[in-house]
Amino acid sequence: MKHLLFLSLLIMQLSAIAQMPTDKNDWKKIYRSFPEKINNLVHTRLEATLVFERSELEGKATLTLQPHFYPTDSVILDAKGMSIQTVALISGNTSTPLQFKNDGLFLRIKLNRTYLRNQTYSVAIKYIAKPNEFKANGSQAITDAKGLYFINPLGKETNKPTQVWTQGETEGTSVWVPTIDRPNQKSTQEFFLTVPDKMVSLSNGILVSQKKNTNGTRTDYWKMDMPHAPYLFFIGAGDFAVIKDSYKGKEVSYYVDKEYAPVARKIFGLTPEMMKFFSTRVTGIEYPWSKYSQMVAHDYVSGAMENTTATLHGDMAQQDARELTEDNIWETTVAHELFHHWFGDYVTAESWSNLTVNESFANYSQTLWREHKYGKDAGDHENKKDMQTYLRSGGSKKDLVRFFYADKEDMFDNVSYEKGGRILHMLRNFVGDDAFFASLNRYLSDNKLGTGSAHHLRLAFEKVTGKDLNWFFNQWFFGSGHPALDINYGYNDSTKLAYVYIKQTQSGDKIFKLPFFIDIYEGTTKKRQQVWMENKVDTFSFAVNSKPTLINVDGDKVLLCTKKDNKTLAQYLHQFKYAGTYVDRDEALAAALGKSIDTSAQAIRLLALKDPFYVIRLEALEQFQTGTPNPEVFALAKKIAESDPNKSVRAAAIDLLAKSEDSTLRSMLVQLTNDSSYTVAGAALEALSGIDSAAAIAIARQQMNLTTKGRLTAAISGVLTNFGDPLAFDFVAGRYEKLPLSQEKFTLTATLAEVLGKENDPAKFRKGIDLIIGLRNAIPGAQRAQTDPYINNFFLKKIADKKKAEGKTELADYVQKQIEKK
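Fair warning: this is a prediction, and the values are worked out from it, not measured in the lab. Within each chain, residues carry numbers counting from 1 in the order of the written sequence. In keeping with the predicted nature of the model, local features appear solely for residues at pLDDT of at least 70, side-chain atom pairs appear and are counted solely at 80 or more, and the whole-chain, interface and lining totals rest on all residues. To obtain the side-chain values, all non-hydrogen atoms of the structure were used and water was disregarded.

Undergrad: I would appreciate a short explanation of the overall build of the protein chain in the present structure.
TA: For the purposes of this entry, the term helix denotes a DSSP run of H or I that reaches at least four residues, the term strand denotes a run of E that reaches at least two, and both are numbered from the N terminus. Tallying secondary structure elements over the protein chain gives 25 helices and 29 strands in all. In summary, the protein chain has a C-alpha radius of gyration of 30 Å against a globular reference of 28 Å for 822 residues, a match within 12%. By principal-axis analysis of the C-alpha atoms, the protein chain measures approximately 90 × 75 × 55 Å. Taking the contacts inside the protein chain whose residues are at least 6 apart along the sequence as the reference set, 68% of them involve residues at least 24 apart. Note that accessible areas follow from Shrake-Rupley with a 1.4 Å probe, and for residues the cover is restricted to the protein chains shown. About 33700 Å² of surface is accessible on the protein chain, with carbon and sulfur atoms providing 51% of the total. Charged residues are defined here as Lys and Arg on the positive side and Asp and Glu on the negative side; His and the ends of the chain fall outside this count. A charge is said to be at NZ when it belongs to Lys, at CZ for Arg, at CG for Asp and at CD for Glu. Placing the 102 positive and 95 negative side-chain charges of the protein chain at their respective mean positions leaves the two points 2 Å apart. We take the radius of gyration over the C-alpha atoms and set the globule estimate at 2.2 Å times the residue count to the 0.38 power. We call two residues in contact whenever any of their non-hydrogen atoms come within 4.5 Å of each other.

Undergrad: When you look at the sheet that holds strand 25 (residues 514-522) in this model, what are you seeing that I'm missing?
TA: Either a parallel or an antiparallel arrangement is found when strands of a sheet pair, and the pairing is made through backbone hydrogen bonds. DSSP bridges decide pairing: two strands pair if at least two such bridges lie between them. One open sheet holds the 3 strands; their spatial order is 26-25-28, and the pairing between them is antiparallel. The sheet is open, and its two borders are formed by strand 26 (525-533) and strand 28 (550-553), each paired with just one other strand. Here the strands of the sheet are splayed against their neighbours by 20 degrees on average, with no regard to which way each runs. Examined bridge by bridge, strand 25 and strand 26 share 9 bridges and lie antiparallel to one another. Each bridged residue has a counterpart across the sheet, and for Leu514 the counterpart in strand 26 is Met533. Axis geometry follows a simple rule: fit a line to the C-alpha atoms, using only the stretch in contact for helices, then measure angles between N-to-C directions, giving values from 0 to 180 degrees. Sitting on the sheet, helix 11 (residues 569-578) touches strand 25 and strand 28, and the angle it makes with strand 28 is about 70 degrees.

Undergrad: Even after reading the chapter, I still don't get the packing of helix 11 against helix 13 (residues 599-609), so can you show me in this structure?
TA: Helix-helix packing is characterised by the crossing angle of the two axes and by the distance between the axes. Running from amino to carboxyl end, helix 11 crosses helix 13 at an angle of 20 degrees, the nearest separation of the two axes being 8 Å. In terms of their interaxial angle, helix 11 and helix 13 are classed as roughly parallel. The handedness of the crossing between helix 11 and helix 13 comes out as left-handed. Every residue of helix 13 that contacts helix 11 at Leu569, Ala570, Tyr572, Leu573, Phe576 and Lys577 is listed here: Ser600, Ala601, Ala603, Ile604, Leu607 and Ala608. Note on terminology: angles under 35 degrees are roughly parallel, angles over 145 are roughly antiparallel, angles of 65 to 115 are roughly perpendicular, and the others are oblique. Crossing chirality is assigned from the near helix's rotation relative to the far helix, an anticlockwise turn below a right angle marking it left-handed and a clockwise turn marking it right-handed.

Undergrad: Explanation requested: the pairing of strand 16 (residues 241-247) in the structure shown.
TA: Within a regular beta strand, the side chains point alternately toward one face of the sheet and then the other, so they alternate between its two faces. Bridge count for strand 16 against strand 17 (residues 250-256) is 7 bridges, and the pairing is antiparallel. Along strand 17, the bridge assignment pairs Asp245 with Val252. Connecting strand 16 to the next strand, strand 17, in antiparallel fashion are 2 residues, including Lys248 with a positive phi near 50 degrees.

Undergrad: Where do I start with the environment of Thr158 in this structure?
TA: Among the structural elements, Thr158 can be located in the loop between strand 9 (148-151) and strand 10 (163-166). Given the relative accessible area of 66%, Thr158 is considered exposed. Once the C-alpha coordinates of Thr158 and Ser396 are considered, the two residues, 238 residues apart in sequence, prove to be 45 Å apart. Relative accessibility under 20% of the residue-type maximum defines a buried residue, over 50% an exposed one, and the middle range a partly exposed one, all with a 1.4 Å probe and only protein chains included.

Undergrad: I tried to follow helix 16 (residues 647-658) on my own but got confused; where do I start?
TA: Each full turn of the α-helix corresponds to 3.6 residues, which orients residues three or four apart in the same direction. One fewer than the residue count of a helix, multiplied by 1.5 Å, yields its expected span. Here helix 16 contains 12 residues, and its C-alpha end-to-end distance of 17 Å stays within 8% of the 16 Å for a straight helix at 1.5 Å per residue. Counting buried residues along helix 16, 9 of its 12 residues qualify, which places the element largely inside the surrounding structure. For helix 16, the full list of buried residues reads Lys647, Val649, Arg650, Ala651, Ala652, Ala653, Ile654, Leu656 and Leu657. For helix 16, the elements touching its buried residues are helix 14 (614-624), helix 15 (631-643), helix 17 (666-672), helix 18 (678-689) and helix 20 (710-722). Any N or O atom pair separated by 3.5 Å or less is treated as a polar contact, with the protein-specific requirement of one donor-capable and one acceptor-capable atom, and with residues adjacent in sequence counted only for side-chain atom pairs. Of the residues that open helix 16, the one with a side-chain oxygen 3.0 Å from the backbone nitrogen of Ser648 is Asn646.

Undergrad: Could you clarify how one ought to interpret the pattern of salt bridges in this entry?
TA: Close approach of charged atoms allows side chains of opposite charge to pair. Every case where a carboxyl oxygen of Asp or Glu lies within 4 Å of a side-chain nitrogen of Lys or Arg is listed as a salt bridge. One pass over the full model with this rule turns up 55 salt bridges. Lys258 is the partner of Asp239 in a salt bridge, and the nearest nitrogen-oxygen pair spans 3.0 Å. Of the two residues, Asp239 is situated in the loop between strand 15 (235-238) and strand 16 and Lys258 in the loop between strand 17 and helix 2 (264-268); the sequence distance between them amounts to 19 residues. According to the relative accessible area criterion, Asp239 is partly exposed, its value standing at 41%. When salt bridges with common partners are traced through the structure, they connect Asp78, Glu171, Arg182 and Lys408 into a single cluster.

Undergrad: Hey, could you run me through the sheet that holds strand 10 in this one?
TA: Strand order in the open sheet formed by 4 strands is 9-10-15-12, with antiparallel pairing between adjacent strands. The two strands at the open ends of the sheet, each matched to only one other strand, are strand 9 and strand 12 (200-203). Averaged over all neighbouring strand pairs, the angle between strand axes comes to 15 degrees, with direction disregarded. The pairing of strand 12 with strand 15 spans 4 bridges and is antiparallel. Residue pairing in the sheet places Ser201 in a bridge with Ala237 of strand 15.

Undergrad: I keep staring at the side chain of Asp377 and nothing clicks. Help me out?
TA: Looking at the element boundaries, Asp377 is found in helix 6 (residues 376-391). The exposure class assigned to Asp377 is buried, which follows from its relative accessible area of 19%. At 2.8 Å, the side chain of Asp377 and the side chain of Arg585 are in polar contact. Those residues in contact with Asp377 that lie beyond four places of it in its chain are Gly580, Thr581, Tyr582, Arg585 and Phe613.

Undergrad: Explain the packing of helix 11 against helix 12 (residues 582-592) to me, please; I cannot follow it from the model alone.
TA: Viewed as axis vectors pointing N to C, helix 11 and helix 12 meet at an angle of 150 degrees, and their least axial separation amounts to 8 Å. It follows that helix 11 is roughly antiparallel to helix 12 by the angle criterion. Of the two elements, helix 11 crosses helix 12, and the hand of that crossing is left-handed. Each of Leu569, Tyr572, Gln575 and Phe576 in helix 11 lies in contact with helix 12, whose residues at this interface are Asp584, Arg585, Glu587, Ala588, Ala591 and Ala592. Gly is placed with the polar residues, together with every amino acid not listed as nonpolar (Ala, Val, Leu, Ile, Met, Phe, Trp, Tyr, Cys and Pro) or charged (Asp, Glu, Lys and Arg). Residues that form the contact of helix 11 with helix 12 fall into these classes: 6 nonpolar, 1 polar and 3 charged.

Undergrad: Help me understand the packing of aromatic side chains, please; the structure alone is not making it clear to me.
TA: Aromatic ring pairs are reported here in terms of the distance separating the ring centres and the angle at which the planes meet. What counts as a ring pair is set by centres within 6.5 Å for rings of Phe, Tyr and Trp (its six-membered ring), and what kind of pair is set by the plane angle: stacked under 30 degrees, edge-to-face over 60, tilted for all other angles. All chains considered together, the criterion is met by 43 aromatic pairs. The interplanar angle of 15 degrees and the centroid separation of 4.0 Å between the aromatic rings of Phe343 and Phe361 together place this pair among those described as stacked. Within this pair, whereas Phe343 is found in the loop between helix 4 (331-339) and strand 21 (348-349), its partner Phe361 is found in helix 5 (residues 356-374), the two being separated by 18 residues in sequence. For Phe343, a relative accessible area of 0% corresponds to the buried category. Judged by centre distance (5.6 Å) and plane angle (90 degrees), the rings of Phe430 and Trp532 are edge-to-face. Residue Phe430 is found in helix 7 (residues 415-431), and its partner Trp532 is found in strand 26; the two are separated by 102 residues along the sequence. Among the aromatic side chains, those forming a connected cluster through ring pairs are Phe277, Phe278, Tyr287, Tyr292, Phe339, Trp342, Phe343, Phe361, Trp369 and Tyr443. Sitting over the ring of Tyr736, Lys745 keeps its end group 5.1 Å from the ring centre. Only Lys NZ and Arg CZ are tested; either one counts as a charge over a ring when it is within 6 Å of the ring centre and within 35 degrees of the ring normal. When the ring centre of Tyr814 is taken as reference, the NZ or CZ atom of Arg766 above it lies at 5.5 Å.

Undergrad: Can you help me understand helix 23 (residues 762-778) in this one?
TA: In a regular helix each residue adds 1.5 Å, so 17 residues correspond to 24 Å; helix 23 covers 24 Å between its end C-alpha atoms and thus fits that length. Within helix 23 the residues assigned to the buried category are Phe765, Gly768, Ile769, Leu771, Ile772, Ile773, Leu775 and Arg776. On the buried face of helix 23, the contacting elements are helix 21 (727-738), helix 22 (743-758), helix 24 (784-805) and helix 25 (809-820). The distance from a side-chain oxygen at the start of helix 23 to the backbone nitrogen of Ala763 is 3.1 Å, and the residue carrying that oxygen is Asp761.

Structure follows, in C-alpha cells:
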C-alpha cells in the first residue's frame with residue numbers, strides 16, 4: 001500500500017505535467033482547476049546563506065506538512081533548478097534520511113510511513129539554489145521568473161548598488177526554497193538569513209534577533225506567525241537607508257537608496273493614512289499583519305509586489321525632491337500593493353483562474369484612495385483612465401475568471417486588473433456604498449487567512465444585500481466583452497414625452513443586462529430615473545413639462561462600455577455646466593475637440609480652462625494647442641503658467657504661450673527656467689528658445705552642470721542640438737551612461753536618438769549607438785521580445801535611415817550592424 005500510494009501521487013504529478021499544451025490551441029481543452037491539495041504546507045523554517053560570489057543560496061529548509069484528507073506516504077515539492085544534497089525526516093532530535101528523486105523541477109520524497117490527515121511530519125532539505133541556471137518565462141506584469149535575483153553581486157557595475165531580492169509570483173519562490181508552490185497553500189515561517197554584515201535584510205514578519213558571525217556576515221532571524229501563500233515569501237538585502245513610521249504601534253518602514261532617504265516620506269509617507277483608510281472605511285478589518293515594510297529594488301522585473309509585510313517596488317518609485325513637486329507617480333502603486341494585504345495576502349485567490357479577486361480589488365483601491373484623498377473628480381479620473389486602458393487592450397474576448405488559458409502568466413493582463421476594477425465600480429454603484437463595503441468585510445471575514453474566488457465573493461454580496469447576483473457575476477465575472485451603446489433622443493410635444501433610444505451594437509449575440517440612471521434636465525432642474533436595459537434595442541420614455549435641455553444617460557458614469565452619444569454641442573455645454581462629474585465634463589470637452597468655430601464648443605473650452613480639476617484644465621490647454629491663442633485665451637494661459645497649483649498644467653500653458661512667440665513673455669520664461677519642477681523649467685526653456693535663442697543657450701549651458709531629469713534634460717538637449725552646440729552629445733550621453741536600467745533611461749533614449757541624428761563625429765556617434773544597444777541588451781528576459789523591435793525600429797533604424805539619406809553610409813552601416821547583433 002505504501003508503494004502504491006507513492007506511485008499514485010507520482011502519476012498524478014506527471015499527469016499534470018503531461019497536460020502542458022503541445023499545440024497552440026490545446027490549452028482550450030484543459031480546465032484549470034484550483035490545485036489539488038494532497039499535502040498541506042504548515043510551517044517553513046529556512047536557514048539560508050546568500051553567496052554573492054556565485055549568485056547562489058545555500059539553504060536548509062525544514063518543512064512541516066500534513067496530509068490534507070487522504071493518507072499519504074509521500075510528498076512532491078516544487079524545487080526548480082536546485083542542487084539537492086540531503087533529505088531527511090525530522091522527529092525531535094532524530095534525523096532519518098529519506099529516499100528522493102530530483103528532476104530539476106520537482107523533488108519527490110518517499111516518507112518513512114503512511115501519515116493520516118491529523119498527523120504532521122517534518123522534512124529537512126539541504127540544497128543549493130542556482131537561480132541563474134534556471135530559465136523561465138514571465139508575463140505581461142512580471143517580465144522574468146527565476147525567483148531569486150542577485151543585482152551587481154560582485155560590485156563591478158558603476159552607479160548600481162549590490163542587492164538581492166526575490167519575486168515569488170506566480171511560482172518563483174520554489175527557485176530558492178523547496179515548497180508546494182501553489183496559491184492555495186498557506187504557511188507560517190521562520191527565516192534565518194545570513195548576509196554581509198554591512199547590509200540590511202528584510203523578510204516577512206518581525207525581525208526577532210540578529211547575530212554577528214566571525215566571517216563578516218550576520219544572521220537575521222525573521223518570524224511570520226500568520227500563514228500566507230508561498231508566492232508571498234520574500235527575502236531582500238542591500239545597503240539601504242531605512243526610514244521608519246508607524247501605524248497603531250506597528251512598524252511601517254521604507255527601504256530606499258541612501259540618496260533618497262531625505263525624500264522617502266514624500267514617496268511613501270501616506271502609507272499610514274492609507275492603512276487607516278483601508279482598515280476603517282473600506283474593509284472594516286484592521287490591518288492584520290505584524291508590520292508593513294516597503295523596499296525599492298534595482299533591475300526589478302515588475303512594478304511592485306505585495307509580499308506579505310514586505311512589499312517590493314521597482315526603482316522607478318524613487319523620485320527626487322524636484323520630481324516630487326509635481327505628482328508622486330508612485331502613490332497609487334503604494335495604495336495598490338498595500339490593499340493586497342487584504343485582497344491577495346489575507347484572502348488569496350484559490351487559483352490563478354480566479355486571479356481577479358486579488359488584482360481587481362488592488363486595482364480598484366487606486367480609485368478608492370484617489371477619491372478619498374483628493375475628491376470625487378480624482379477618483380472618477382482614475383476609474384476612467386483604467387477603463388480606457390482595458391478598452392484599448394484588445395482583451396474583450398477574455399472572461400474575467402478564466403478556467404482555460406495557455407499559461408498561468410497569461411492571467412496577468414488588463415482584464416484581470418483594469419476590467420475587474422471597473423466591474424467592481426459598477427457593482428458598488430448597483431448595491432450602494434454601505435452594502436458594497438459591508439460585503440467586502442463579509443468576504444474577508446468568511447475567508448480570512450484562507451482562499452477565495454469569484455463564487456465566494458458573490459456569496460458574500462448576496463448574504464449582505466439579500467439580492468440574487470448570479471446574473472451580474474455570470475455576465476461580468478464568468479463572461480467576456482462589454483457593451484457598445486448607440487444612444488439617440490426624441491421628444492413628442494403633443495404628449496410631453498421625452499424618449500431615449502439605446503441600441504447595443506457590440507459584435508456577437510451577447511446582450512448585456514444593464515441597470516443605470518437616466519437624468520432628465522429641464523433647465524437646471526434634474527429628475528432621475530433608474531432603468532434596466534435588457535434587450536438589443538430598448539426605448540425609455542419620460543413625462544416632462546417641455547423639451548428637456550439635456551438627457552444624460554448613465555448619470556453616474558459607471559458603465560463599462562463604449563458609446564456613441566448623439567448629443568448636440570449645446571447639450572454638451574449644459575452637461576459640462578450642470579451634470580457635475582469629471583466624466584461628464586470630460587465627455588463635453590472631447591465633443592468640442594476640433595470644433596473651433598462652434599460657439600458652444602468655444603464656451604466649453606473656456607469653462608474648462610477655469611475648471612477646479614486640474615485634468616480638465618490640462619485637457620483644455622491641449623485642445624488649444626492646434627492654433628495660436630486669441631487674446632482671451634492668451635491672458636488665461638499666462639495666468640495659469642504663472643500660478644496654477646498643478647505643475648503639468650503650468651507646463652501645458654507655457655507650451656501654448658510659446659506658439660505666440662511673444663517677446664513680452666521673455667522675463668517670465670527666464671524666471672520659470674529655474675522653477676522647482678523639471679517639467680515647468682523644461683517647458684520654459686523650450687519656449688524661451690523661440691523668443692531669445694542666445695538666452696536659452698546660455699541657460700542651457702548653465703543648467704547642464706546641475707541635476708536635471710525628464711523634460712528639463714530633453715529641453716537642454718534640444719536647445720544645444722538645435723543651435724549646433726558641440727556640448728549637446730556630451731551632455732546627453734553623459735547623463736545616459738550614468739543611469740541604471742530604468743524607465744528614466746528608457747525615456748531618455750528618445751533624446752539621445754535625436755542628438756545622434758545630428759551628430760556626425762564618428763567616435764561620438766558610435767559611442768551613442770553603443771549606449772542604446774547596451775540598454776537594449778540589458779533589458780531582462782521575455783521583455784526583450786517587446787522592447788527589441790521598438791528600440792531597433794523606432795530609434796536605431798530611423799537614425800540609420802537619416803544618415804543614409806545624408807550620404808553618411810559608414811555611420812548608417814554601423815547602426816545596421818548593431819541592430820543585427822543579438
